[in-house]
Amino acid sequence: MADINDWQALATKEVKGRDLNWQTPEGITVKPLYTADDVSVDPGLPGFAPFTRGVRASMYAGRPWTIRQYAGFSTAEESNAFYRRNLAAGQKGLSVAFDLATHRGYDSDHPRVVGDVGKAGVAIDSVEDMKILFDGIPLDQMSVSMTMNGAVIPILAFFIVAGEEQGVDRKLLDGTIQNDILKEFMVRNTYIYPPEPSMRIISDIFGYTSREMPKFNSISISGYHMQEAGATQVQELAFTIADGMEYVKYGVASGLDIDKFAGRLSFFFAIGMNFFMEVAKLRAARVLWHRVMTKLGAKDERSKMLRTHCQTSGVSLQEQDPYNNVIRTTIEAMAAMLGGTQSLHTNALDEAIALPTDFSARIARNTQIIIQEETGMCNVVDPLGGSYYIESLTQNLVDRAWEIIERVESEGGMAKAVAAGWPKAMIEEAAAGRQARVDRGEDVIVGVNKYRLANEDLLETLEVDNVAVREGQIARIKAVKASRDEGKCQAALAALTEGARGNGNLLELAVEAARHRATLGEISDAMEAVFGRHGTVPTPVKGVYGAAYAGDSRYQQVLDGVAAVTRRLDRAPRMLVAKMGQDGHDRGANVIASAFTDMGFDVTSGPLFQTPEEACKLALEKDVDAVGASSLAAGHKTLIPALIGLLREAGRPDIKVVAGGVIPPQDYDYLREAGVQGIYGPGSNVVECAADMLRLLGHNMPPLGETTE
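Residues numbered from 1 in each chain as written. Predicted model: local features only at pLDDT ≥ 70, side-chain atom pairs only at ≥ 80, totals over all residues. Heavy atoms only, no water.

Heads up, the condition is: UniProt positions are given in the numbering used here, feature names are shortened, and annotations may be inferred rather than shown by experiment.
Per an unreviewed UniProt entry, the protein goes by methylmalonyl-CoA mutase and derives from Novosphingobium ovatum. Under the Sequence similarities (unreviewed entry) heading, UniProt states for the protein: "Belongs to the methylmalonyl-CoA mutase family." Database annotation for the protein, UniProt heading Cofactor (unreviewed entry): "adenosylcob(III)alamin".

Structure follows, in structure tokens:
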């Protein structure tokens, strides 16, 4: 019988000595063959500690995962109709997407959110909106997940009161609130208050829900947005588990019994295209959480059981050749299923461009239904358990993530690590490295950097009339305020402010304010009066992108071009990277700032959440040659033309304005007519973006593939 040495000799001969090992972005060396010698840990059985093979003994053989599609757009009426259509077509749970104004604690009539209302989620300003959102959907029978972190207090208060007024006791409310603020400070940035009061809010929610809402999950600890921001799977795994540790410690410090609330904590992971790594990641997460909770003193096995929702990757979706996204999502959905998720959202094929249509949402939902009902994949519990490769990879992830977790703990916990900034910097380095590998073609993306179509057909996308939605929301806010008992409302808001100073449970006080029809903005302001509002300026990493391009001829052409422009101007070309509106997703902006800095541009990274007026002022102060406006939340048709108009009014029409991010091709002509001089969608090569910028600045940059000789 052949042994491993015989195999090695045969394989080496077949590939003529070429090394078949693969180095992953996590730094894991993946061998071409795994045997029993690579497995050192017995994974045990499903339903038993440490739950490597699943949290329930029967897993999907007993009951499949919950199909929980994440959706919300425009008004509460529009979203409610969308939910009801999806539920009728086979969806089993709701997952609510709120617009960015809501996330950031602003009512729809606030001047800072002109371009954000209803665009990337549903606008919720009061209990009345929440009641419409769930009209005809019985909250004592439907599990509801709400992705909300910054404005978590008013949103959860509205949900509780909407349930009451539907006749549902809050003890019967079933679902999850994300409530994961540490992740916001690291990657997603839809925070409102500084870290310390934000952590106090989480403890208050733990306390209230453990007493009043026994069926409700008080937090969903999210790694999803970390991977979307560029984290490797090891980083996503480690920082997510470390965040969970921090929340548990805060809950215990506030006086809660660990086993009274820890069993209602849940998790949320991204599932990307590294198929086996994602399967192993979910298994490793369960092992790590069991270890962590045992260490923190939990006695109840339910407290040590990691239950998770998963969502297929948004960043893996591409604008180019978008029907490929159906295939990507299917592969990712299978990885989530084989990893043992408890619920799943599958992204729609058009989400790299715009909000999903009914057509694309149906395909996304049916992807899960087909896996559940046509493939037979649910009939076996943990079918990859015992695979030499999977078990080795699982243990490798456990060990590498634990090294990072131990560093976090040695430095005082995740809150201190976030404040120090090193987890964010680590993720941004990984993002810059990934972008460089894609741009160089080392990481293949079909239809983007390989097998690209000569011509792309336009895809029909969903368009939200932001102006009409905002006007409707403002009218409803006025009606709510006109019909309420103003004295009782203001008294409830004053009590909430007093509670923020240290007296009382903030969620309990907010529920009372919601009953008296205080708006989301008013409830947020009542706490902001004590806590203040948190702000930050991005500090992109340096050197990662440039190092990946050492010796590349095209990159050198760009460096030469920047040097030529620098000689002509007697200074480096200046660029402002601007993030306008309430979208905090800054991966794209940070990658551009990092790469352009490495190429020799003098880059200013603007603060997050700027208005066009603030971006214009900063551009003038820095005397920039160009502004790169980053948009991922559909505010581009409002905010970017406003910026161009302000620059013209200030006598600086010479400042070039370009746009990048999630922008439907149908909007390109509109933006060009408004004065945008370059548009770079998902999948754009950053080196070519820089080459284009040099052309805009008057440098005769050679086309790709030509030399300067």
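There's plenty left to go through after this.
Description of helix 1 (residues 4-14)
Just so we agree on the cut-off: In protein, a polar contact requires one atom able to donate a hydrogen and another able to accept it; more generally it is a pair of N or O atoms within 3.5 Å, and residues adjacent in sequence count only if both atoms are side-chain atoms. Secondary structure elements follow DSSP: runs of H or I of four or more residues count as helices, runs of E of two or more count as strands, with numbering from the N terminus.
For helix 1, the side-chain oxygen to backbone nitrogen distance between the N-cap and N5 is 3.1 Å, and the N-cap itself is D3. The positive-phi residue at the C-terminal boundary of helix 1 is K16, with phi of around 55 degrees.

Comments concerning the sheet that holds strand 11 (residues 343-345)
For clarity, the cut-off: Being paired, for any two strands, means DSSP has found at least two bridges between them. Residue contacts are counted whenever heavy atoms from the two residues lie within 4.5 Å of one another. Only C-alpha atoms enter the line fits that serve as axes; for helices the fit covers just the stretch in contact. Angles between N-to-C directions range over 0 to 180 degrees.
With parallel pairing, the nine strands of this open sheet are ordered in space as 7-6-5-4-3-11-10-9-8. With one partner strand each, in any of the chains shown, strand 7 (216-217) and strand 8 (219-222) form the two edges of the open sheet. Judged from the four bridges that link them, strand 3 (residues 66-71) and strand 4 (residues 93-96) form a sheet pairing that is parallel. The partner of R68 across the bridge, within strand 4, is G93. This element, helix 10 (residues 233-253), spans strand 8 and strand 9 (265-271) of the sheet and lies at about 165 degrees to strand 9. Along the sheet, helix 14 (residues 358-374) makes contact with strand 3 and strand 11, crossing strand 3 at roughly 170 degrees.

Brief notes about the sheet that holds strand 15 (residues 656-661)
A sheet is described by the order of its strands in space; here five strands give the open sequence 13-12-14-15-16, paired in parallel fashion. One side of each edge strand has no neighbouring strand; the edge strands of this open sheet are strand 13 (602-605) and strand 16 (678-680). Put simply, the sheet's adjacent strands are angled 20 degrees from each other on average, direction ignored. When strand 14 (residues 626-631) meets strand 15, the two strands line up parallel, connected through six bridges. Opposite A626, over in strand 15, you have K656 as the bridge partner. Where helix 24 (residues 587-598) meets the sheet, its contacts fall on strand 12 (574-578), strand 13 and strand 14, and the angle it forms with strand 12 comes to roughly 165 degrees.

Some thoughts on the pattern of salt bridges
Inclusion rule: Salt bridge, as used here, is a side-chain nitrogen of Lys or Arg placed within 4 Å of a carboxyl oxygen of Asp or Glu.
In total, this model carries 48 salt bridges according to the counting rule given. Two residues, R170 and E212, come together in a salt bridge whose shortest N-O distance is 3.1 Å. In this pair, R170 sits in the loop between helix 6 (152-165) and strand 6 (175-177) while E212 sits in helix 8 (residues 195-212), placing the two residues 42 residues apart along the sequence. When the shortest N-O distance is used, the salt bridge between K183 and E184 registers 2.5 Å.

Here we look at the packing of aromatic side chains
Using the following cut-off: Aromatic rings from Phe, Tyr and Trp, taking only the six-membered ring of Trp, are treated as a pair when their centres fall within 6.5 Å; an angle between ring planes under 30 degrees marks them as stacked, one over 60 as edge-to-face, and anything in between as tilted. Burial here depends on accessible area, computed with a 1.4 Å probe over protein chains only, as a share of the maximum for the residue type. Under 20% is buried, over 50% is exposed, and the range in between is partly exposed. Either the NZ atom of lysine or the CZ atom of arginine qualifies as a charge over a ring when it sits within 6 Å of the ring centre and within 35 degrees of the ring normal.
In total, this model carries 18 aromatic pairs according to the counting rule given. Aromatic side chains Y193 and F531 sit 5.5 Å apart centroid to centroid with 75 degrees between the ring planes, which places their arrangement in the edge-to-face category. Here F531 lies in helix 21 (residues 520-531) and Y193 lies in the loop between helix 7 (181-188) and helix 8, a separation of 338 residues in the sequence. Since its relative accessible area comes to 2%, Y193 is described here as buried. In this structure F531 comes out as buried when scored by relative accessible area, which is 14%. Each ring, one from Y545 and one from Y555, has its centre 6.4 Å from the other, and the planes form 45 degrees; the classification is tilted. Here Y545 is found in helix 22 (residues 544-548), whereas its partner Y555 is found in helix 23 (residues 553-569), with 10 residues between them in sequence. The class of Y545 is buried, set by a relative accessible area of 1%. In this structure, R104 is placed above the aromatic ring of F609, and the distance from its NZ or CZ to the ring centre is 3.4 Å.

Quick notes on unusual backbone geometry
Omega for the peptide link from A49 to P50 comes to 0 degrees, which places this bond in the cis form. On the secondary structure map, P50 appears in the loop between strand 2 (29-30) and helix 2 (59-62). The residue D382 is not glycine, and still its phi comes out positive at about 45 degrees. Mapped onto the elements of the fold, D382 is located in the loop between helix 14 and helix 15 (388-410). Accessibility expressed as a relative area gives 9% for D382, which makes it buried. Despite not being glycine, D570 shows a phi value in the positive range, around 65 degrees. Along the chain, the position of D570 falls in the loop between helix 23 and strand 12. With a relative accessible area of 70%, D570 lands in the exposed category.

Quick look at a nonpolar patch on the surface
What counts here: Only residues whose relative accessible area exceeds 30% and that form no salt bridge are eligible for patches; like-charged ones are grouped when within 9 Å, while nonpolar side chains (Val, Leu, Ile, Met, Phe, Trp, Tyr) are grouped when within 5 Å. Methods summary: accessible areas were calculated by the Shrake-Rupley approach with a probe of 1.4 Å, and residue burial reflects only the protein chains presented.
Together, M273, I327 and I331 give the surface a local cluster of nonpolar side chains, amounting to about 240 Å² of exposed area. Here I327 shows up in helix 13 (residues 324-339).

A closer look at the environment of D129
Position of D129 among the secondary structure elements: in helix 5 (residues 127-133). Taking relative accessible area as the criterion, D129 reaches 1% and is therefore assigned buried. Along the sequence, D129 and T75 sit 54 residues apart, while their C-alpha atoms lie 8.3 Å from each other. Excluding its chain neighbours within four sequence positions, the residues that come into contact with D129 are A76, A123, I124, Q473 and R476. For D129, the side chain forms a polar contact with the side chain of R476, separated by 2.5 Å.

Some points on the nonpolar core
Rule in force here: As used in this record, nonpolar core signifies buried Ala, Val, Leu, Ile, Met, Phe, Trp, Tyr and Cys residues forming a set joined through side-chain atoms within 4.5 Å.
In terms of nonpolar packing, the biggest core is built from 79 residues, with F239, I241, Y247, W289 and M414 touching the most fellow members. Looking at this core, the element that brings in the most residues is helix 12 (residues 275-295), giving 12 residues. The contacts of M414, once residues within four sequence positions are left out, are L182, M186, F239, A242, D243, E246, V408 and P423. Formed by 68 residues, the second largest nonpolar core is a distinct cluster that contains Y83, V117, F216 and A513.

Examining the packing of helix 19 (residues 486-500) against helix 20 (residues 506-515)
The condition is simple: Here roughly perpendicular refers to angles of 65 to 115 degrees, roughly parallel to angles under 35, roughly antiparallel to angles over 145, and oblique to all remaining angles. Throughout this entry, Asp, Glu, Lys and Arg are counted as charged residues, while Ala, Val, Leu, Ile, Met, Phe, Trp, Tyr, Cys and Pro are counted as nonpolar. The remaining residues, Gly among them, count as polar.
Look at helix 19 against helix 20: their axes get within 8 Å of each other, and the N-to-C directions meet at 170 degrees. Classed by the angle they form, the pair helix 19 and helix 20 counts as roughly antiparallel. Taking contact as the criterion, the partners of A492, L493, A495, L496, G499 and A500 in helix 19 are, on helix 20, L506, L509, A510, E512 and A513. Residues of the contact of helix 19 with helix 20, tallied by class, amount to nine nonpolar, one polar and one charged.

Structural notes on the packing of helix 7 against helix 10
Packing of helix 7 against helix 10 brings their axes to within 9 Å, and their N-to-C directions diverge by 145 degrees. Counted together, I181, L182, K183 and M186 of helix 7 and F239, D243, E246 and Y247 of helix 10 form the full contact between these two elements. For the contact of helix 7 with helix 10, the residue count by class is five nonpolar, no polar and three charged.

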